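# Summary of structural features
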Amino acid sequence: PAIRRCSFRGNSAYGWGGAVYCSGDAITAVLTKCEFIGNSARVGGALAINGAAPVVDDAEFLRNRADESGGALYLSLGAGVTVSDSRFESNSAQVGKIATVGGGCSAVLRCTNADASLIQGVGNVVWDDEACDQVSAAAMSWGQLKTLYR
């Protein structure tokens, strides 16, 4: 499904994905120009992804909270996500204030303000800032970090 120009504010879930939960390998949601503000869940305060591969473009993740993992994003069971031209601010969790990326999962972050120190897990994280005004440079002690420079 394609979701455009949406606002997810103040939603909560007892388990996964305070605003959106994507599950299943056949799911390829596209979320464009969406804002995720003040959502909460046990994991994935704004967005939880379980085996799916959504694309997020031009989004804002502000003040989302997970009680355990992935303040804004939580990926598990081979999930993959591509996040482009998006902003993360004041998200919180015990593990991964911005995101928790599980084993076998991957996250591609293009032109975001995501701070590597706020992303945790054992999956793959790729920073692709080639087309951006600034390049993210980060070092991590887990998983496989790849930084693409222009």
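Note that this is a predicted model, so its numbers are computed, not measured.

Counting its regular elements, the chain contains 0 helices and 18 strands. For the chain, the proportion of its 150 residues judged to be buried stands at 49%. Excluding contacts between residues fewer than 6 apart, the proportion of contacts in the chain whose partners are at least 24 apart in sequence is 65%.

We now examine the packing of aromatic side chains. Counted under the stated rule, the structure contains 5 aromatic pairs. Their ring planes at 10° and their centres at 5.1 Å tell us that F8 and F36 sit as a pair that is stacked. Taken together, the positions of F8 in strand β2 (residues 7-9) and F36 in strand β5 (residues 35-37) put the pair 28 residues apart, joining distant regions of the chain. This pair shows no difference in class: F8 is buried, exactly as F36 is. On the numbers, 5.3 Å between centres and 85° between planes, the contact of W16 with Y74 is edge-to-face. Here W16, found in the loop between β2 and β3 (20-23), pairs with Y74, found in strand β11 (residues 73-76); they are 58 residues apart in sequence, far enough to count as distant. Residue W16 is classed as partly exposed on the basis of its relative accessible area, which comes to 28%. Here the aromatic residues F8, F36, F61 and F88 are joined through ring pairs into a cluster of three or more.

Scanning all chains against the criterion turns up 6 salt bridges. R42 serves as the salt-bridge partner of E68, at 3.3 Å between the closest nitrogen and oxygen. Residue E68 is located in strand β10 (residues 65-69), and its partner R42 is located in strand β6 (residues 40-43); the two are separated by 26 residues in the primary sequence. Accessibility expressed as a relative area gives 35% for E68, which makes it partly exposed. Classification of R42 by relative accessible area gives partly exposed; the value is 29%. Between D67 and R65 there is a salt bridge, with its nearest N and O atoms 2.3 Å apart.

What counts as what
The written sequence of each chain sets the order in which its residues are numbered from 1. Where totals are concerned, whole chains, interfaces and linings use all residues; where local detail is concerned, this predicted model gives features only for residues with pLDDT of at least 70, and gives and counts side-chain atom pairs only at 80 or more. Hydrogens and water are ignored here; the side-chain numbers use all heavy atoms of the structure. Secondary structure elements follow DSSP: runs of H or I of four or more residues count as helices, runs of E of two or more count as strands, with numbering from the N terminus. Burial classification: accessible surface area is computed with a 1.4 Å probe over protein chains only, and a residue below 20% of its type maximum counts as buried, one above 50% as exposed, and the rest as partly exposed. Should any heavy atoms of two residues lie within 4.5 Å, those residues are considered in contact. Pairing of aromatic side chains here covers Phe, Tyr and the six-membered ring of Trp, requires ring centres within 6.5 Å, and sorts the geometry by plane angle: under 30 degrees stacked, over 60 edge-to-face, intermediate tilted. A side-chain nitrogen of Lys or Arg and a carboxyl oxygen of Asp or Glu constitute a salt bridge if their distance falls within 4 Å.

Shape descriptors only; they carry no functional weight alone.
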